[in-house]
Amino acid sequence: MNLELRLFELVVRVEGSDGSFTVLTRTRTGSRVNITAGKSRVATGYYDLPNKLNVPGEDLPHVSHYYTEAAAFWKENVVVVGGKNSAAEAALDLYRNGAKVTLVHRDAHLGQTIKYWGKAGYRE
């Protein structure tokens, strides 16, 4: 199987039909890319929809609204804000990869829809 992944590109437009697709994307640097393919799949997730808090410091360079991967945070103090699946999964991944994690959320308990393995080990 020949699978090409195009990560961190914004899909601007998808045109065509089965057997002949053209996908226009924009890279992080702003370059536009045309990709042709016989098939097309779109994968989206909640990691891409941040809920901004509108608080001072939210836009500082060391603050991110997008979770990428844990390796860069090994032995670092990290605060994850949120109490639902995306926050719980990011916090758990960071912890398992050696970060010192604090999960902060506004409610008394984590979200009810978090998978059972995402809640394991949390002290509320």
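The structure displayed is predicted, hence computed values, not measured ones.

Chemist: Give a description of the side chain of Glu-9 that names residues and reports values.
Modeler: Tracing the sequence through the fold places Glu-9 in the segment before strand 1 (10-17). Not counting chain neighbours up to four residues away, the residues in contact with Glu-9 comprise Thr-25, Arg-26, Thr-27, Val-33 and Ile-35.

Chemist: Please give an account of the pattern of salt bridges that cites residues and values.
Modeler: Per the stated rule, a full pass over the model turns up one salt bridge. With its nearest N and O atoms 3.1 Å apart, the salt bridge here joins Glu-15 to Arg-13. Of the residues examined, Arg-13 reaches a relative accessible area of 41% and is grouped as partly exposed.

Chemist: Residues and numbers for the pairing of strand 2 (residues 20-26), please.
Modeler: Sheet topology note: the strand 1/strand 2 ladder contains seven bridges and is antiparallel. When the bridges of strand 2 are listed, Gly-16 appears paired with Phe-21. What sits between the antiparallel neighbours strand 1 and strand 2 is a turn of two residues, in which Gly-19 has the positive phi angle 100 degrees. Where strand 2 and strand 3 (residues 32-37) come together, six bridges link them in antiparallel fashion. Its bridge partner being in strand 3, Phe-21 is matched across the sheet by Ala-37. Where strand 2 folds back onto strand 3 in an antiparallel hairpin, the turn is made up of five residues, including Gly-30, whose phi is positive at roughly 100 degrees.

Chemist: Summarise the nonpolar core; cite the residues concerned and give the values.
Modeler: When a protein is soluble and globular, its nonpolar side chains tend to lie buried together. Judged by nonpolar contacts, Ala-70, Val-78, Val-80, Ala-87, Ala-88, Ala-91, Leu-94, Ala-99, Leu-103, Leu-110 and Ile-114 together constitute the single largest core of 11 residues. Looking at this core, the elements that each hand over two or more residues are strand 4 (77-81) and helix 1 (85-96). With four residues, the top contributor of residues to this core is helix 1.

Chemist: So what's going on with unusual backbone geometry? Residues and values would help.
Modeler: Positive phi, normally seen in glycine, also occurs at Asn-54, with a value near 55 degrees. Tracing the sequence through the fold places Asn-54 in the loop between strand 3 and strand 4.

Chemist: Residue-level account of the sheet that holds strand 2, with values.
Modeler: Reading across the sheet, the three strands line up as 1-2-3 and stay open at both edges, with antiparallel pairing between neighbours. This sheet does not close on itself; its edge strands, each paired only once, are strand 1 and strand 3. Averaged over all neighbouring strand pairs, the angle between strand axes comes to 15 degrees, with direction disregarded.

The rules behind each value
- Residues numbered from 1 in each chain as written.
- Predicted model: local features only at pLDDT ≥ 70, side-chain atom pairs only at ≥ 80, totals over all residues.
- Heavy atoms only, no water.
- Helix = DSSP H or I, 4+ residues; strand = E, 2+ residues; numbered from the N terminus.
- Contact = heavy atoms within 4.5 Å.
- Salt bridge = Lys/Arg side-chain N within 4 Å of Asp/Glu carboxyl O.
- Buried < 20%, exposed > 50% of the residue type's maximum accessible area, 1.4 Å probe, protein only.
- Pairing = 2+ DSSP bridges.
- Core = buried A, V, L, I, M, F, W, Y, C linked by side-chain atoms within 4.5 Å.
- Axes fitted to C-alpha atoms, helices over the stretch in contact; angles between N-to-C directions.

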